[in-house]
Amino acid sequence: MLARLRRAAMPLSFRKSIQGRIFVVFSLVILAALLLVSLVVYLHMTSIIKRNAIDYVTDSFHRADENVNVAIQDASKLMALVVTNQDIVPPVLMSGNSEVSLEGFRDMKKIDSFLSYLIAYKSNINRISVVSAVDNRVFYDGAPYMDRLNLDQELIDQIMNEPDGKLIIKHTNNDSQDAVTLGRKIMHNRQTIGVAMIDLNYELLSNNYNIRPSEDSGVWVVNESGEVIFNLSGQQEQLSDELLQQSAAQTGVREIKIAGKSSLMVSQISEATGWTTIGVIPLEALMKDSFTLGRKIIQVVLLVYLAVLFVSIGLASHITRNLRRLHNAMKRVQEGNFFVTADIAAKDEVGQFYSMFQSMLGRIRELMEGVKQREAAKREAELAALQAQIRPHFLYNSLNTIKYMASLNGTRNIEEVSGSLIEMLRGVLGNTKEFVALREELSYVNSYLTIQRYKYADRFKVGYEIEDELLDAQVLKLTLQPLVENALTHGIGSLSNNGSILIKAYKDEAELVLEVGDNGVGMTTEQIAAALRDETLKDGYRSGGMGIRNVNERIGMVYGPSYGVKLYSRPGAFTKAEIRIPIEKGESSNAERIIGG
């Protein structure tokens, strides 16, 4: 996109064109307007996000305080029933009966039944207890276990010393179990005879004050002295004791710094308990959605600005449109496409240039077609010249005479060699087609090997692994024979015995694979490279026959540069030559390939 924009903007020169100056000024004004609008929208949305977060936390604190207040008021009513009861509680507390006596056991059962009746079906209450001021006898119902050994004497003294029987609400910890304890002293005849306490389930706080607008936010509930009653800090750093004491008994919103990071603090006082609920929200987490919105705004601004640029450039560069089309057409011709057209219907100079350009392309196509046809004719002429070097009829008649005389004299080996040579020459010289069936190519190889068996006195074996369905596949004539000749002459020719040649043909997806392998002396990397270049090395090695290079070049010319001969070898072990070509049957496709190049 940027490259296209740069090409389209090339005609707009700021110094040389009025259109260019107008384009630059217009673009800057539009950009400034978009940035200003985006900044206003971003600041407004950021303010809304902050306000929504503050409203959410404040409303959540209100609901939490109301729920806790309801539970405390419910417990206060039960507390009032215990404190004002004159029939059961005072007689038991003032009896002074020993706990191990029968009278003490009856007192305990009487008051236990009364307490269990009060807290029945009260899920928020863990325990209700009554403690005698005379001898610290303990009566309770619920859990955890309580006796005079684990009494919080400081709390009992605070309740007993509270004037006018005021309700005490305190965060306690009994046997590592947190609770919210409500306590009032029990009066009889203007004398303090004991205290009543109700322990609320601590989950009452955790369930209601679990208010976290983000994972990094935290919630603290503190009393008037700054003591932490409940803490849900998450990933947030702990607030200092000084900051908690300053925030106690305060209501409002302010920004603070915690570990060098800005945070928003919201605090609110409960009218029922006097506790202060403090919420701390890191601005980084709170503004995460704002940052996302900012990125979206920037993306929209960029898209709108690019659209404006395209429109401006389109208007400013309308005159050069046909020149750009002609330039693109010439560039495609440079890349090798000689059938290029462009939508140029103008009658001006550009239209005239385009007409001359098309005429030039037509002439180039004609010349290339002529070159292609001459190359095809040249290949056919070269093959015909090679065949014409030996007069086929003279050779056939001479060899037939030799074969006939060998038959009359009973010389079977001469007869067989002559017959194989006749068949080989008839196929090679008598057939002018460039492509033959694989079965015909194999017959040339078989005739060649029949002749060579007498030369090497049967010191080698030949194996065939040919798939029957591939026998009709079309291959270039004389592709296998040079490879077999190379394997025999330079591979196993120097072996005294146990020489072996394996000829394979198989299908690999849409390709025909031909392989000729031997167990001869092998080849080095230098020898492989020389064979494909048809060079003679210091040791006299040469590809032999028509040459592997000749086969490799013919395959590359017909099927393309990605096809050819590959050699794999290990000195002293083996050599394998591999040919891969597309599978084709019949002659029409090959003829079209030759004509089409």
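Check the entry above for the structure.
Below: a short report on this structure. These figures come from a predicted structure and were not determined experimentally. (Residues numbered from 1 in each chain as written. Predicted model: local features only at pLDDT ≥ 70, side-chain atom pairs only at ≥ 80, totals over all residues. Heavy atoms only, no water.)

**Quick look at the sheet that holds strand S12 (residues 460-466)**
Point 1. With mixed pairing, the five strands of this open sheet are ordered in space as S12-S14-S15-S17-S16. Two strands close off the open sheet at either side, each with one partner strand: S12 and strand S16 (565-570). On average, adjacent strands in this sheet sit at an angle of 15° to one another, irrespective of strand direction.
Point 2. By the bridge criterion, eight bridges tie strand S15 (residues 511-518) to strand S17 (residues 574-582) in an arrangement that is antiparallel. Residue pairing in the sheet places Leu512 in a bridge with Ile581 of S17.
Point 3. The strands that helix H14 (residues 438-456) touches are S12, strand S14 (499-508) and S15; relative to S12, the one it contacts most, it runs at about 170°. (Pairing = 2+ DSSP bridges. Helix = DSSP H or I, 4+ residues; strand = E, 2+ residues; numbered from the N terminus. Axes fitted to C-alpha atoms, helices over the stretch in contact; angles between N-to-C directions. Contact = heavy atoms within 4.5 Å.)

**Description of the packing of H14 against helix H15 (residues 480-491)**
Point 1. Remark: H14 packs on H15, axes separated minimally by 9 Å, with the N-to-C direction vectors making an angle of 25°. Between H14 and H15, the angle falls in the class roughly parallel. The way H14 lies across H15 gives a crossing that is right-handed. Only Leu480, Gln481, Val484, Glu485, Leu488 and Thr489 of H15 make contact with H14, whose side of the interface consists of Leu438, Glu441, Leu442, Val445, Tyr448, Leu449, Gln452 and Tyr456.
Point 2. Here the contact of H14 with H15 is composed, by residue class, of nine nonpolar, three polar and two charged. (Parallel < 35°, antiparallel > 145°, perpendicular 65-115°, else oblique. Left-handed = near helix turned anticlockwise from the far one by under 90°. Nonpolar A, V, L, I, M, F, W, Y, C, P; charged D, E, K, R; others polar.)

**Some words on the nonpolar core**
Point 1. Val82, Ile186, Leu200 and Leu205 are the most contacted members of the largest nonpolar core, which totals 45 residues.
Point 2. When residues of this core are assigned to their parent elements, the largest contribution, 12 residues, is made by helix H2 (residues 18-84).
Point 3. Once you skip the residues sitting within four places of it in the chain, Leu200 turns out to touch Ile72, Ala75, Asn124, Ile125, Asn126, Ala179, Val180 and Leu182.
Point 4. Judged by nonpolar contacts, the second largest core, of 41 residues, contains Phe460, Leu514, Val516 and Ile528. (Core = buried A, V, L, I, M, F, W, Y, C linked by side-chain atoms within 4.5 Å. Buried < 20%, exposed > 50% of the residue type's maximum accessible area, 1.4 Å probe, protein only.)

**Here's the deal with unusual backbone geometry**
Point 1. With an omega dihedral of 5°, the bond running from Ala143 to Pro144 counts as a cis peptide bond.
Point 2. By the secondary structure assignment, Pro144 is in the loop between strand S2 (138-142) and helix H5 (153-160).
Point 3. For Asn189, which is not a glycine, the phi torsion comes out positive at approximately 55°.
Point 4. Mapping Asn189 onto the fold places it in the loop between strand S4 (177-188) and strand S5 (191-201).
Point 5. Of note in this structure, Leu478 is not a glycine but carries a positive phi near 60°.
Point 6. Within the secondary structure, Leu478 is located in the loop between strand S13 (474-476) and H15.

**Quick word on the sheet that holds strand S8 (residues 252-258)**
Point 1. Taken together, five strands build an open sheet; the order of strands is S7-S6-S10-S9-S8 and the sheet is antiparallel. In this open sheet, the two edge strands, each paired with only one partner strand, are strand S7 (228-232) and S8. Taking the axes of each pair of neighbouring strands and ignoring which way they run, one obtains an average angle of 20° across the sheet.
Point 2. In this structure, strand S9 (residues 261-269) lies alongside strand S10 (residues 276-282), joined through seven bridges in antiparallel fashion. Paired with Ser267 across the bridge in S10 is Ile278.

**A word on empty space enclosed by the protein**
Point 1. The full count for this structure, using the stated rule, is four cavities of 30 Å³ or more.
Point 2. Put simply, the second largest cavity is a space of about 60 Å³.
Point 3. As for the second largest cavity, its lining consists of Leu483, Asn486, Ala487, Val516, Asp518, Ile548, Leu567, Thr575, Lys576 and Ala577.
Point 4. When residues of the lining of the second largest cavity are traced back to their parent elements, those giving at least two are H15, S15 and S17.
Point 5. Residue composition of the lining of the second largest cavity, by class: six nonpolar, two polar and two charged. (1 Å grid on protein atoms, 1.4 Å probe; cavity = no way out; pocket = protein on both sides within 12 Å on 5 of 7 lines; lining within 4 Å. Points joined across faces, edges and corners; volume = space filled by probe spheres on them.)

**Things to note about the side chain of Ser270**
Point 1. Position of Ser270 among the secondary structure elements: in the loop between S9 and S10.
Point 2. On the basis of relative accessibility, which here comes to 4%, the residue Ser270 falls in the buried class.
Point 3. A distance of 3.4 Å separates polar atoms of two side chains, one belonging to Ser270 and the other to Asn69.
Point 4. With residues near it in sequence (within four places) discarded, Ser270 still touches Asp65, Asn69 and Trp275. (Polar contact = N/O pair within 3.5 Å; in protein donor to acceptor, adjacent residues only side chain to side chain.)

**Focus: the environment of Glu255**
Point 1. Within the fold, Glu255 resides in strand S8.
Point 2. In the structure, Glu255 is positioned 27 residues away from Pro282 in sequence and 9.5 Å away in space, judged by C-alpha atoms.
Point 3. Not counting residues up to four positions away in its chain, the partners in contact with Glu255 are Lys50, Ser263, Leu264 and Leu283.

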